[in-house]
Each structure stands twice: as structure tokens, then as C-alpha cells.
Amino acid sequence: MSNTADHPNCWPALPLESWRDTYATLHMWTQIVGKIRLRLTPLVNHWWNVPLYVTARGLTTSCIPYGERSFELRFDFIRHELVLETSDAIVKTLPLGPRAVADFYKECFGMLRSAGIDVKIWPMPVEIPEPIRFDQDRQHCFYDPDAVARLWRILLSAHAVLEQFRSRFIGKSSPVHFFWGSFDLAVTRFSGRKAPPRDGADAITREAYSHEVSSVGFWPGAGFAGPAFYSYMAPSPAGFRETRVSPAAARYDEGLGEFIVMYDDIRAAASPTGALLAFCQSTYEAGATAANWDRENLERDIRV
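Nothing here was measured: the structure is a model prediction, and the numbers come from that model. (Residues numbered from 1 in each chain as written. Predicted model: local features only at pLDDT ≥ 70, side-chain atom pairs only at ≥ 80, totals over all residues. Heavy atoms only, no water.)

(A) View of the side chain of Asp6. With respect to the element layout, Asp6 can be found in the segment before α1 (20–40). Of the polar contacts made by the side chain of Asp6, one reaches the side chain of Thr273; its length is 2.8 Å. Setting aside residues no more than four positions away along its own chain, Asp6 makes contact with Trp11, Ser271, Pro272, Thr273 and Gly274. (Helix = DSSP H or I, 4+ residues; strand = E, 2+ residues; numbered from the N terminus. Polar contact = N/O pair within 3.5 Å; in protein donor to acceptor, adjacent residues only side chain to side chain. Contact = heavy atoms within 4.5 Å.)

Take a look at the structure:
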């Protein structure tokens, strides 16, 4: 990685308490936009048709087919607007600012209808406690543009490192993508073997974890006192949790069943990109070795 990628501007502070309300609101907005993509795209293995993707300006659905047309929805975190662009040259925008989720929901679908796009989604949030229907949610109504810009800057930096990590693997691998349900950026590697069935798993979990995986990603704060990177194996092999990994601040969280390293420990490192790449590589190696993955045929020689 270029040394300029370690500049402090690339890894800004983002204490959870400083933007918790904005976080909760933005999470709901991304779920609304993400569910539009989910509704209009065919199922791809492990729900890869669902996530959003990091762009040079924010997050995007990528191209969504709609009859003889296509469209894209983009969160622009520089101009702070939701942008609708269609294949027949329609461009519409919805400003991002303090606004109740119910109002965002109404205005987002109004913008789509004004462009001749009629789509309906299930209006219930997912993967959060005590969900409120989007069209009734006036509790979440906050937007701090500075905090959102810092989140986007972190996503850009993390995305670059995860892409480099992904390039080292020649087996099946997911894109680096942003899951709006759990609000995290992730990349997942696969051993090529089917995973044993999970007792009591729902259809979503069965699809997501149908095969053995090693996954690493970034949470902006859910479940912690602050943002953190995580790494896990599914299923988790014997001996994985006891392995010593890098950097030294990384630890195995028994409650989550995952390795984590706090974002503040990464940004404080002499080389944040190097520390994060070491976390990705060391946790993957620990899990893949313990699970007896065919590493010789799945990995690129990183010494080259």
C-alpha cells in the first residue's frame, strides 16, 4: 500500500457517541435503498445481489434492471444527497439532512415514481432490536454531514485494504461489499467445501453459510463501544480462538465468536494499512490452517 494511504486524514476519528443518532438514521436509509435492489434483482449465491458498494463519493446499488430500462441509486456523501440516475438520462436528487425515516421513505419512493419506477418493498427494518416500520419511523431523524463524511472516508480506506487482501486469494471470494442489514463492510473467502447444516437456521442464514467461509470486515460501532474490524470462520474450527494473531491489540471475543481489533487501535498504528492487512492475513491463516483448507491451491504467493 502507498504510504499516503496511512495519512491521518484517511483514518479519521469516529467515536460512536459522537454520531450514534445519525448512525441509526443512516442505517435505516441504507436499508430502504438496499431493499429496492433486493426486490428487483435475482438471488445470487450467499445474497450477493443484496449489498451496496463503496464508490469514490459514497455508496451505490450498482445498476438495477427495470424492464427495458436500468437505474442506479447512489448515496453521495460529498454533496450529501441520494442520486437517482436512469439509462434514459433521467437524473434526480434527494438532499440528505435531518429528516425522519418516514419522510425519507416517502420522498425516496416519490422520486422513483416521478421517474416512472414503481417498486414496493417490505417496510420493516431487519437485524436491529425493536424495529419500527419505515413509513412510521419518526424517532430516527438525525443527520450530521461531518460524521457521515468521516464514515465514508473510513470506508474508502478499509475498502482499499480489503481489496488488496482479496487479491491474494484465487479461490472463490465475494466482492468487497456493504451489507445494509448489519451495516458493515465485508469480504468473504470460501474453502470450496459445503458447510454442515446449521440447526434451526432460517432461510437467509442457510443461504449465507451454505459453504465454509472466512470473513473479515468493518463495523462502525454495532455491539461495541466504538468501531471495530472483525474476522471469523464459519464453521469455526477447533483451535482457531486460541491462535495468536496480529496486531497485538487484536483479541478473540467469546461472545461474538470472532476476532476483533478496535478501529482506534488500527488508526493509531504506525501504518494503519499495514496493521489492518496483518489482521486480515493472520486471522485468515489461523482459521484456514485449523480448518485444513487447501491453501496451496487457494492462495496466490504473496512473496511475488
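Past the structure itself, the notes keep going.
(B) Here's a closer look at the sheet that holds strand β11 (residues 251–253). If you trace the 6 strands from one edge of the open sheet to the other, you get β7-β8-β9-β10-β12-β11, paired in antiparallel fashion. Only two strands of the sheet have a single partner each, and these edge strands are β7 (177–179) and β11. Neighbour to neighbour, the strand axes of the sheet diverge by 35° on average, direction disregarded. Both β11 and strand β12 (residues 258–262) contribute to a ladder of 3 bridges, which runs antiparallel. (Pairing = 2+ DSSP bridges. Axes fitted to C-alpha atoms, helices over the stretch in contact; angles between N-to-C directions.)

(C) Just helix α2 (residues 101–114), in detail. Taking 1.5 Å of rise per residue, the 14 residues of α2 would be expected to cover 20 Å, and the 20 Å separating its terminal C-alpha atoms lies within 8% of that figure. Inspection of α2 places Val101, Ala102, Phe104, Tyr105, Cys108, Phe109, Met111 and Leu112 among the buried residues, and these make up the whole buried set. Tucked into the core, α2 has its buried residues touching α1, β4 (69–76), β5 (81–86) and β6 (91–95). Directly beyond the C-terminal end of α2, a positive phi value near 80° is found at Gly116. (Expected span 1.5 Å × (residues − 1). Buried < 20%, exposed > 50% of the residue type's maximum accessible area, 1.4 Å probe, protein only.)

(D) Region of the structure containing the state of the cysteines. This model, assessed by the stated rule, comprises 0 disulfides. Free of any disulfide, Cys141 has its nearest neighbouring cysteine sulfur in Cys108, separated by 18 Å. (Disulfide = S-S within 2.5 Å.)

(E) Region of the structure containing the nonpolar core. Of all hydrophobic cores here, the largest spans 79 residues; its most connected members are Leu82, Phe104 and Phe229. Per-element accounting of this core gives the leading share, 11 residues, to helix α3 (residues 145–167). With residues near it in sequence (within four places) discarded, Phe229 still touches Trp11, Ala158, Gly217, Phe218, Phe259, Ile260, Val261, Tyr263, Ile266, Leu276 and Phe279. Within the second largest apolar cluster, 11 residues are counted, among which are Trp48, Phe190, Tyr230 and Ala234. (Core = buried A, V, L, I, M, F, W, Y, C linked by side-chain atoms within 4.5 Å.)

(F) Expanded view of the packing of aromatic side chains. Counting across every chain of the model gives 25 aromatic pairs. A ring pair is formed by Tyr66 and Phe71, whose centres lie 6.3 Å apart and whose planes are at 75°; its orientation type is edge-to-face. Members of the aromatic cluster, connected to one another through ring pairs, are Trp29, Phe75, Phe77, Phe104 and Tyr143. For the cation-ring pair, Lys172 lies above Phe190, with the distance from its terminal atom to the ring centre recorded as 4.5 Å. Above the ring of Phe165, the side-chain terminus of Arg189 is found at 3.7 Å from the ring centroid. (Phe/Tyr/Trp six-rings, centres within 6.5 Å; stacked < 30°, edge-to-face > 60°. Lys NZ or Arg CZ within 6 Å of the ring centre and 35° of its normal.)

(G) Molecular detail of the side chain of Thr188. In this fold, Thr188 is placed in strand β8 (residues 184–194). Polar side-chain contacts of Thr188 include one of 2.9 Å to the side chain of Ser215. If near-sequence neighbours (up to four positions away) are discounted, Thr188 is found in contact with Lys172, Ser173, Ser174, Val213, Ser214 and Ser215.

(H) Looking closely at the pattern of salt bridges. Throughout the structure, instances matching the rule amount to 15 salt bridges. The salt bridge involving Arg241 is made with Glu254; its shortest N-O contact spans 2.7 Å. On the criterion of sequence distance, the pair formed by Arg241 in the loop between β10 (228–234) and β11 and Glu254 in the loop between β11 and β12 is long-range, its members being 13 residues apart. Here Glu254 falls in the exposed class, since its relative accessible area comes to 54%. Residues joined in a network through salt bridges with shared partners are Glu285, Arg295 and Glu299. (Salt bridge = Lys/Arg side-chain N within 4 Å of Asp/Glu carboxyl O.)

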